[in-house]
Amino acid sequence: MDRSKRMPTSISMEEAALLGCNPSESMDEVELKNIQLSFPSPRTLTRGPGLATEDRIETKFGTILIGIQGDRSKPAILTYHDIGLNYVSNFQAFFNFVDMRLLLQNFCVYHVNAPGQEEGAATLSDAYIFPTMDQLAEQILEVVSHYGLKRIVGFGVGAGANILCRFALSYPDKVDALCVLNCLSTQTGWIEWGYQKLNARTLRSKGAMTQGVLDYLMWHHFGNMNEERNHDLTHVYRQYFESQVNPTNLGMFIDSYIRRTDLDITRELDPMRKKDVRTIQMSVLNVTGALSPHVDDTVTFNGRLDPVNSTWMKIQDCGMVLEEQPAKLSEAFRLFLQGQGYGMRVF
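Here the residue numbers are simple positions, counted from 1 along each chain's written sequence. Totals for whole chains, interfaces and linings use every residue, but because this is a predicted model, local features are given only for residues with pLDDT of at least 70 and side-chain atom pairs only at 80 or more, for both listing and counting. Side-chain measures here rest on the full set of heavy atoms in the structure, leaving out hydrogens and waters.

Q: Can you help me understand the pattern of salt bridges in this one?
A: Side chains that differ in sign of charge can pair as their charged atoms come close. Any carboxyl oxygen of Asp or Glu that lies within 4 Å of a side-chain nitrogen of Lys or Arg is treated as forming a salt bridge with it. What the rule picks out here adds up to nine salt bridges. With its nearest N and O atoms 3.1 Å apart, the salt bridge here joins R166 to D134. With a gap of 32 residues between them, R166 in helix α6 (residues 159–170) and D134 in helix α5 (residues 133–146) connect regions that are remote in the sequence. We classify R166 as buried; its relative accessible area is 4%. Note on D134: relative accessible area 39%, which makes it partly exposed. The closest approach of N and O atoms between E192 and R260, which form a salt bridge, is 3.1 Å. One end of the pair, E192, is in helix α7 (residues 190–206); the other, R260, is in the loop between α11 (247–258) and α12 (271–274), with 68 residues separating them in the sequence. Given a relative accessible area of 4%, R260 falls into the buried group. Overlapping salt bridges bring together K197, D255 and R259 as one network. Numbered from the N terminus, helices here are DSSP runs of H or I no shorter than four residues, and strands are runs of E no shorter than two. When accessible area is computed with a 1.4 Å probe and restricted to protein chains, residues below 20% of their type maximum are described as buried, those above 50% as exposed, and intermediate ones as partly exposed.

The structure is reproduced here in structure tokens:
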């Protein structure tokens, strides 16, 4: 037998010094054979234990589910999710991110679900008239009144961002600031209207998720080439859309979203005329991902905001900012809150 090919059974003093061990120690210990491997649990978009307490609130437009995270005596952040998602699938990972956990020690987060979009939601009846985007904004007022909140910081994505902007325009005294991702300020264009109308009709008539709707939702949230960019993450979301979303209820939400009206806001730089135009009065952090299909829409929205109190931010190498770049967004959000005067009180 060739001795040069045999595994060593002992090690020299020099080798021991290099390995940082005693010569008497076995090679099993040096090679870490006794270390037990552990693997992370598979990622899901379902509600985790201890995420939030949940309440159901009766409003004049139907019953909605509210998830609450944090100490209710703290300043309030109110979130609103995008189409195809709910407060768990849209915000659970982000608000459990390590940097956001530190922030949550100083805030209470109220997650608002659109009617029928929560986990395990029963199918809304045919007689139910799904609220318009303006009526969904009015529901927020009922939530704020129910919990006795004086002012909120709005945090919304996509359709939820549009709803929060409507609430801020109607009730500026209730909103301290807005952080919005992929926010559209205009009414639906013809291409979007036709595509989304077909999706909504298919979802409501068939009561099942179709490949066309699934492809649209993946594009809406991740943009193009999502499979190549982040296969594991997009696989999780694709499975979620296929099995966890109520198609009929989603069809109603999409139909409401494509019927949205223009926010009708104007950028006016003349100080004398500024008070006479309709605009978002509080500070706005307007965020998008460089690979998002909504970049141009956020640029349009930014062009209609007052440059004095608005910031446009494009985060590189992502389409779904909350999932793909949580560290960058959490830092931007923290600095944004500090700029609104929360820094001296809570950080």
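Q: Would you explain unusual backbone geometry in this entry?
A: Glycine aside, residues mostly have negative phi angles, and peptide bonds mostly take the trans form. If you check the backbone angles, N182 has positive phi at about 55° while not being a glycine. With respect to the helices and strands, the residue N182 is situated in the loop between β6 (175–181) and α7.

Q: Explain empty space enclosed by the protein to me, please; I cannot follow it from the model alone.
A: The gaps of empty space that remain are located by a probe, the size of a water molecule, rolled over the atoms. For each structure, a 1 Å grid was placed over the protein atoms alone; sets of points admitting a 1.4 Å probe that cannot get out are labelled cavities, open sets with protein on both sides within 12 Å along at least five of seven lines are labelled pockets, and lining residues have an atom within 4 Å of a point. Grid points are joined across faces, edges and corners, and a volume is the space filled by probe spheres set on the points. Going through the model one piece at a time under the given rule, you end up with two cavities of 30 Å³ or more. Here the largest cavity defines a volume of roughly 90 Å³. Around the largest cavity, the lining residues are D82, N90, V157, L181, N182, H220, H221, G319, M320, V321 and L322. Of all the secondary structure elements, the ones that give two or more residues to the lining of the largest cavity are α8 (211–222) and α14 (321–324). Residues are grouped as follows: Ala, Val, Leu, Ile, Met, Phe, Trp, Tyr, Cys and Pro are nonpolar; Asp, Glu, Lys and Arg are charged; every other residue, Gly included, is polar. Taken together, the residues of the lining of the largest cavity sort by class into five nonpolar, five polar and one charged. Every residue along the wall of the second largest cavity is listed here: G84, L85, N86, G116, Q117, E118, A121, Y240, Q244, V245, N246 and L250. Here the residues of the lining of the second largest cavity sort into five nonpolar, six polar and one charged.

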